[in-house]
2 protein chains.
Amino acid sequence: MMIMEPRLYTTSADYVYQELRHRIVTKQLKPGQRLPEVNIAVQMGVSRTPVREALRRLASEGLVLIIPNSGARLASPTRREMEDTYAVREQLECISVSIAATRISERNLRRLDDAILEEENAFAEKNLEFYLEVNENFHRIIAESSGNRVLAEFVENILARTNAYVVFYDPFYDIAENPSIAQHKAIALALKAKDREKAVELMREHLKLSLFDLKKPA
Amino acid sequence: MMIMEPRLYTTSADYVYQELRHRIVTKQLKPGQRLPEVNIAVQMGVSRTPVREALRRLASEGLVLIIPNSGARLASPTRREMEDTYAVREQLECISVSIAATRISERNLRRLDDAILEEENAFAEKNLEFYLEVNENFHRIIAESSGNRVLAEFVENILARTNAYVVFYDPFYDIAENPSIAQHKAIALALKAKDREKAVELMREHLKLSLFDLKKPA
DNA sequence: CCGTCTGTGATAGCATGCATGTATTCATGT
DNA sequence: ACATGAATACATGCATGCTATCACAGACGG
């Protein structure tokens with residue numbers, strides 16, 4: 001059973017941001033759909049101001065497209081854009097895992113294991129939103145473990161993109177078929193062994209397969 | 001003589017954004033300095049709203065730090081952060097130039113030459129702001145020539161960071177000493193020759209030296 | 001003398017109203 | 001029927017006022 005835990009946020013703008021991402025991942029919003037400020041503001045019980053901020057933040061992550069004086073619409077990435085995004089992601093994550101392999105702390109190795117356990121829970125529950133969230137965590141922990149904050153920031157950005165794209169592009173995405181968890185375990189092992197080459201290779205393979213899976217249905 | 005051409009902008013928020021970047025590059029603002037919304041709003045003759053938007057955009061580029069309920073301050077990057085930023089930049093620009101080497105259009109090759117000519121003008125005038133702007137252009141054109149828009153977007157972001165950092169970190173940055181233009185010419189030649197390996201190698205070297213130059217004075 | 005608590009000032013967060021620009025619709029003419 | 005144009009409805013951009021929160025200073029107690 002799914003318990004909707006209370007979302008944590010510091011400001012209304014942050015709340016709207018999270019809520020919009022939630023609605024994207026749960027397919028309540030469709031690619032290309034218009035996102036009028038008032039509309040969202042009323043639905044979420046806030047004024048237009050925090051909505052504007054949230055929309056602009058999402059725009060910086062490539063999830064919405066804002067045209068000045070005209071408004072915001074949800075992104076509708078082409079296959080090409082998806083491939084482009086994954087190309088960038090591969091670069092960032094490979095360098096990320098490469099550095100992490102030599103620097104990762106014991107604590108973060110444990111966090112990695114925890115994330116994998118959570119992935120298995122999400123897998124068991126067949127809860128896509130939860131699954132995407134913890135999947136994101138796995139990659140986030142590795143990025144943080146690189147010790148390079150700018151890199152981590154960029155990875156964070158591109159994780160937001162790709163996770164949304166998964167939902168946009170693949171409405172029937174089946175987590176049962178996805179071998180990601182096994183790949184994550186392998187990457188975690190390589191990191192524990194401080195095997196840089198192996199970790200990079202596995203990560204590259206993992207991302208290539210993710211993209212491949214994504215391209216199948218559409 | 002320097003003619004201040006009228007800045008083009010579509011919205012007030014965009015104007016404030018550009019004006020703030022201008023003030024950063026012309027050293028009117030100091031690293032770590034507080035940036036109260038009202039303060040800026042009054043100075044620029046607009047209300048707080050567009051200022052907020054501009055500040056948040058700058059925050060997404062790592063140029064300002066926003067603490068909720070507390071306010072914005074100009075970034076004050078440590079040497080470590082600078083190195084981290086350049087590490088990311090190297091990844092992005094190397095893949096960028098690598099792809100561009102096989103795809104770049106004749107038109108963009110000409111734009112590249114134009115950019116280099118402008119760099120020489122800026123060099124002759126010893127105009128740091130102008131120089132940074134056209135330097136940015138050179139790298140921007142290469143990123144665009146990759147044909148990967150997401151990549152170009154990320155490069156754009158990191159260019160904003162590094163160019164600001166130049167000013168932050170190196171108040172006496174001497175464009176006369178900087179061998180960048182010669183390196184840019186070499187990169188352009190490699191691109192014309194479609195020599196992928198060479199272009200990447202030159203770009204990597206170029207960025208390494210840029211970072212090295214930056215680290216000298218501080 | 002130092003730590004803690006409290007009040008006061010200042011600043012960001014948010015709501016709202018007005019102005020401006022855009023999109024849609026409908027009428028008009030060819 | 002189609003293209004063109006004006007009018008209208010609507011959404012965004014911006015300004016302003018109010019409220020909540022934070023930072024700092026001074027008072028109080030240990």
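Worth saying up front: this structure is predicted, and the values here are computed from it rather than measured.

Cut-off values and rules
- Residues numbered from 1 in each chain as written.
- Chains lettered and ligands numbered in written order.
- Predicted model: local features only at pLDDT ≥ 70, side-chain atom pairs only at ≥ 80, totals over all residues.
- Heavy atoms only, no water.
- Near = heavy atom within 4 Å.
- Polar contact = N/O pair within 3.5 Å; in protein donor to acceptor, adjacent residues only side chain to side chain.
- Helix = DSSP H or I, 4+ residues; strand = E, 2+ residues; numbered from the N terminus.
- Phe/Tyr/Trp six-rings, centres within 6.5 Å; stacked < 30°, edge-to-face > 60°.
- Lys NZ or Arg CZ within 6 Å of the ring centre and 35° of its normal.
- 1 Å grid on protein atoms, 1.4 Å probe; cavity = no way out; pocket = protein on both sides within 12 Å on 5 of 7 lines; lining within 4 Å.
- Points joined across faces, edges and corners; volume = space filled by probe spheres on them.
- Nonpolar A, V, L, I, M, F, W, Y, C, P; charged D, E, K, R; others polar.
- Buried < 20%, exposed > 50% of the residue type's maximum accessible area, 1.4 Å probe, protein only.
- Pairing = 2+ DSSP bridges.
- Least-squares fit on C-alpha atoms with pLDDT ≥ 70 in both.
- Contact = heavy atoms within 4.5 Å.
- Salt bridge = Lys/Arg side-chain N within 4 Å of Asp/Glu carboxyl O.
- Patch = residues over 30% accessible without salt bridge, like charges linked within 9 Å, V, L, I, M, F, W, Y side chains within 5 Å.
- Areas by Shrake-Rupley, 256 points an atom, 1.4 Å probe, with all protein chains shown as cover.
- Lys, Arg positive; Asp, Glu negative; His and termini not counted.
- Charge placed at Lys NZ, Arg CZ, Asp CG, Glu CD.
- Expected span 1.5 Å × (residues − 1).
- pLDDT = per-residue confidence, 0-100.
- Arc of directions from axis to C-beta.

Quick notes on the protein's contact with DNA strand D
(1) Moving on: The local shell around DNA strand D holds 21 residues, among which Arg48 and Arg52 of chain A together with Ser12, Ser47 and Thr49 of chain B are the closest.
(2) Moving on: Protein-adjacent atoms of DNA strand D, using a 4 Å cutoff, are sugar or phosphate at a proportion of 70%.
(3) Moving on: Arg56 of chain A places a polar side-chain atom, nitrogen or oxygen, 3.0 Å from a phosphate oxygen of DNA strand D.
(4) Moving on: Within the contact set of DNA strand D, a phosphate oxygen lies 3.1 Å away from a backbone nitrogen or oxygen of Asn69 of chain A.
(5) Moving on: Elements with a minimum of two residues in the surface near DNA strand D: α3 (48-60) of chain A together with α1 (12-25) and α3 (48-60) of chain B.

Details of the packing of aromatic side chains
(1) Moving on: Applying the stated criterion to the full structure yields five aromatic pairs over all chains.
(2) Moving on: For the cation-ring pair, Lys126 of chain A lies above Phe123 of chain A, with the distance from its terminal atom to the ring centre recorded as 4.2 Å.

Points about the layout of surface pockets
(1) Moving on: In this structure, the second largest pocket occupies an estimated 200 Å³ of space.
(2) Moving on: Around the second largest pocket, the lining residues are Ile95 of chain A together with Glu83, Tyr86, Ala87, Glu90, Gln91, Leu207, Lys208 and Leu211 of chain B.
(3) Moving on: Contributing elements (two or more residues each) for the lining of the second largest pocket: α4 (79-103) and α9 (196-215) of chain B.
(4) Moving on: Among the elements that take part in the lining of the second largest pocket, α4 of chain B stands out by supplying five residues, more than any other.
(5) Moving on: Here the residues of the lining of the second largest pocket are counted per class, giving five nonpolar, one polar and three charged.

Observations regarding the pairing of strand β2 (residues 71-74) of chain B
All names here are of chain B.
(1) Moving on: The side-chain alternation of β2 yields one buried face, formed by Ala72 and Leu74, and one unburied face, formed by Gly71 and Arg73.
(2) Moving on: As paired elements, strand β1 (residues 64-67) and β2 share four bridges and run antiparallel to each other. Residue pairing in the sheet places Val64 in a bridge with Leu74 of β2.
(3) Moving on: Hairpin connection, β1 to β2: the antiparallel pair is bridged by three residues, and Asn69 has positive phi, about 65 degrees.

Focus on the relation of the copies chain A and chain B
Copies of the same chain, two in number, are related to each other by a rotation about an axis and a translation along it.
(1) Moving on: After a rotation of 180 degrees and a shift along the axis of 0.0 Å, chain A superposes on chain B with an RMSD of 0.1 Å. Interpreted geometrically, this transformation is the action of a two-fold axis. In terms of proximity to the rotation axis, the leading residue of chain A is Gln91 of chain A, whose C-alpha is 3.4 Å off the axis.
(2) Moving on: Taken as a fraction of all interface residues of chain A, those also at the interface in chain B reach 100%, which identifies the copy contact as same-surface.

Considering the pattern of salt bridges
(1) Moving on: Tallying each qualifying case throughout the model produces 34 salt bridges over all chains.
(2) Moving on: Between Glu37 of chain A and Arg52 of chain A there is a salt bridge, and its shortest N-O distance comes to 2.9 Å. Of this pair, Glu37 of chain A sits in helix α2 (residues 37-44) while Arg52 of chain A sits in helix α3, and the two are 15 residues apart along the sequence.
(3) Moving on: Measuring nitrogen to oxygen at the nearest pair gives 3.2 Å for the salt bridge that ties Arg56 of chain B to Glu53 of chain A. In this pair, Arg56 of chain B is assigned in helix α3 and Glu53 of chain A in helix α3, connecting two distinct chains.
(4) Moving on: Via salt bridges that share partners, Glu37, Arg48, Arg52 and Arg56 of chain A together with Glu53 of chain B belong to a single interconnected network.

Regarding the protein's contact with DNA strand C
(1) Moving on: Every one of the 19 residues lining DNA strand C counts as a neighbour, but Ser12, Ser47 and Thr49 of chain A together with Arg48 and Arg52 of chain B are closest to it.
(2) Moving on: Those atoms of DNA strand C that come within 4 Å of the protein belong to sugar or phosphate at a rate of 68%.
(3) Moving on: Within the side chain of Arg48 of chain A, one N or O atom sits 3.5 Å away from a base oxygen of DNA strand C.
(4) Moving on: Arg52 of chain B is positioned with one of its side-chain polar atoms (N or O) 2.5 Å from a phosphate oxygen of DNA strand C.
(5) Moving on: Going through the elements one at a time, α1 (12-25) and α3 of chain A together with α3 of chain B are the ones with two or more residues in the surface near DNA strand C.

Regarding a negative patch on the surface
(1) Moving on: Among the surface-exposed residues, Asp195, Glu197, Glu201 and Glu205 of chain A lie close enough to one another that they form a single negatively charged patch.
(2) Moving on: Looking at the secondary structure, you find Glu205 of chain A in helix α9 (residues 196-215).

Concerning the environment of Glu156 of chain A
Residues and elements named next belong to chain A.
(1) Moving on: Relative to the elements of secondary structure, Glu156 occurs in helix α7 (residues 149-169).
(2) Moving on: Among the residues examined, Glu156 registers a relative accessible area of 30% and is labelled partly exposed.
(3) Moving on: Distance in space between the C-alpha atoms of Glu156 and Ala124 is 26 Å, their sequence separation being 32 residues.
(4) Moving on: Ignoring sequence-local partners within four residues, the contact set of Glu156 consists of Glu136 and Arg140.
(5) Moving on: A polar contact is formed between the side chain of Glu156 and the side chain of Arg140, at a distance of 2.8 Å.

Things to note about helix α7 (residues 149-169) of chain B
Residues and elements named next belong to chain B.
(1) Moving on: Helix length check: α7, at 21 residues, gives a terminal C-alpha distance of 30 Å against a target of 30 Å (1.5 Å per residue), a fit within 8%.
(2) Moving on: In terms of burial, α7 is a largely internal element, 18 of the 21 residues being buried.
(3) Moving on: Capping the start of α7, Asn148 holds a side-chain oxygen 3.1 Å from the backbone nitrogen of Val150, two or three residues further along.

Let's talk about the confidence of the model for chain A
Predicted coordinates in areas of low pLDDT are best not read in detail.
(1) Moving on: Summing up the model confidence of chain A, the mean pLDDT is 91 and the portion of residues at 70 or higher is 91%.
(2) Moving on: Below a pLDDT of 50 lies the segment residues 1-6 of chain A, which in the model reaches three contacts outside its immediate sequence neighbourhood of four places, other chains included.

With respect to helix α5 (residues 106-125) of chain A
Residues three or four positions apart in an α-helix share a direction because the helix packs 3.6 residues into each turn.
All names here are of chain A.
(1) Moving on: For α5, with 20 residues, the first-to-last C-alpha span of 29 Å sits near the 28 Å given by 1.5 Å per residue.
(2) Moving on: Listing the buried residues of α5 in full gives Asn108, Leu109, Leu112, Ala115, Ile116, Glu119 and Ala122. Projected down its long axis, α5 carries its buried residues within an arc of 130 degrees, all on one side. What points out from α5, more than 90 degrees from its buried face, is the exposed set Glu106, Arg107, Arg110 and Ala124.
(3) Moving on: Where α5 is buried, its residues meet α6 (128-145) and α8 (180-192).
(4) Moving on: Directly after α5, the chain includes Lys126, whose backbone phi takes a positive value near 55 degrees.

Points about unusual backbone geometry
Residue and element names in this part refer to chain B.
(1) Moving on: A positive phi is found at Lys27, a non-glycine position, where the angle reads about 60 degrees.
(2) Moving on: With respect to the element layout, Lys27 can be found in the loop between α1 and α2 (37-44).
(3) Moving on: Phi is positive for Asn69, close to 65 degrees, though the residue is something other than glycine.
(4) Moving on: Counting through the fold element by element, Asn69 comes out in the loop between β1 and β2.
(5) Moving on: On the accessibility criterion, Asn69 (82% relative accessible area) is exposed.

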